Amino acid sequence: MQDINFKLIIAMARTYNTLFSEIEKNVQSFGLNTSEFGVLEMLFHKGEQPVQKVAEKILVTSGTITYIIDKLQKKELVIRRRCEEDKRIFYVALTPNGEKFIAEIFPQHKKFLEQLLGGMEDTFKGEMVNDLITMQRTFNIKKD
């Protein structure tokens with residue numbers, strides 16, 4: 001079927017839009033946007049991180065991560081510090097307020113995701129994860 005590639009892209013895009021629209025609403029109920037939540041969640045699970053690594057993991061640019069961290073600092077949820085060994089590198093970490101905040105909201109978000117995706121069997125979800133990882137690895141994209 002020649003149109004299967006188009007159908008796949010459209011189905012994935014619609015699924016992504018629907019899923020992330022719901023996730024965004026949930027995260028906004030905590031007074032955050034999805035990027036801010038992503039930073040807090042990463043720091044909650046991984047601890048202090050270099051700013052650039054956070055940007056890579058939550059899929060934003062270095063300019064955008066600076067803006068996000070500035071916003072989180074104003075909310076007193078994170079701190080930024082310069083690396084002692086390499087002054088070009090900055091680290092970001094949760095403040096005690098940030099640790100308390102994400103520890104309170106993350107279980108609520110996890111429960112929301114369980115409800116949102118609860119109609120699918122775990123076996124199906126696992127297969128889908130594996131299929132999507134395989135799909136990503138098979139893309140034939142040349143990098144300059």
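Before any of the text, the structure's been laid out above.
Structure report, in brief. Quick caveat: nothing in here was measured; it's all calculated off a predicted structure. (Residues numbered from 1 in each chain as written. Predicted model: local features only at pLDDT ≥ 70, side-chain atom pairs only at ≥ 80, totals over all residues. Heavy atoms only, no water.)

**Thoughts on the overall build of the protein chain**
Stage number 1. Secondary structure assignment for the protein chain yields six helices and three strands.
Stage number 2. Along the protein chain, helices (α) and strands (β) appear in the sequence α-α-β-α-α-β-β-α-α when read from the amino end.
Stage number 3. In terms of principal-axis extent, the alpha carbons of the protein chain reach across some 55 × 40 × 25 Å.
Stage number 4. When the 144 residues of the protein chain are sorted by exposure, 25% land in the buried category.
Stage number 5. Partitioning the intrachain contacts of the protein chain with sequence separation of at least 6 by distance along the chain shows that 54% fall at a separation of at least 24.
Stage number 6. Accessible surface for the protein chain amounts to roughly 10700 Å². Of this, 55% is attributable to carbon and sulfur atoms.
Stage number 7. With 21 positive and 20 negative side-chain charges, the protein chain shows a spacing of 3 Å between the two charge centroids. (Helix = DSSP H or I, 4+ residues; strand = E, 2+ residues; numbered from the N terminus. Buried < 20%, exposed > 50% of the residue type's maximum accessible area, 1.4 Å probe, protein only. Contact = heavy atoms within 4.5 Å. Areas by Shrake-Rupley, 256 points an atom, 1.4 Å probe, with all protein chains shown as cover. Lys, Arg positive; Asp, Glu negative; His and termini not counted. Charge placed at Lys NZ, Arg CZ, Asp CG, Glu CD.)

**Overview of the side chain of H109**
Stage number 1. You can see H109 is positioned in helix α5 (residues 96-116).
Stage number 2. Among the residues examined, H109 registers a relative accessible area of 5% and is labelled buried.
Stage number 3. Setting aside chain neighbours within four positions, we find H109 in contact with I23, N26, V27, F30 and F37.

**Description of the layout of surface pockets**
Stage number 1. Its volume calculated, the largest pocket comes out at about 880 Å³.
Stage number 2. Where the lining of the largest pocket is concerned, the elements lending two or more residues are α1 (4-28), α2 (34-46), α3 (51-57) and α5.
Stage number 3. Among the elements that line the lining of the largest pocket, the one with the most residues is α2, at eight residues.
Stage number 4. Class assignment of the residues belonging to the lining of the largest pocket gives a composition of twelve nonpolar, seven polar and five charged.
Stage number 5. By volume, the second largest pocket amounts to about 640 Å³.
Stage number 6. Surrounding the second largest pocket, 15 residues form its lining, T15, Y16, L19, M128 and L132 being those nearest its centre.
Stage number 7. When the residues that make up the lining of the second largest pocket are grouped by side-chain class, the tally is eleven nonpolar, two polar and two charged. (1 Å grid on protein atoms, 1.4 Å probe; cavity = no way out; pocket = protein on both sides within 12 Å on 5 of 7 lines; lining within 4 Å. Points joined across faces, edges and corners; volume = space filled by probe spheres on them. Nonpolar A, V, L, I, M, F, W, Y, C, P; charged D, E, K, R; others polar.)

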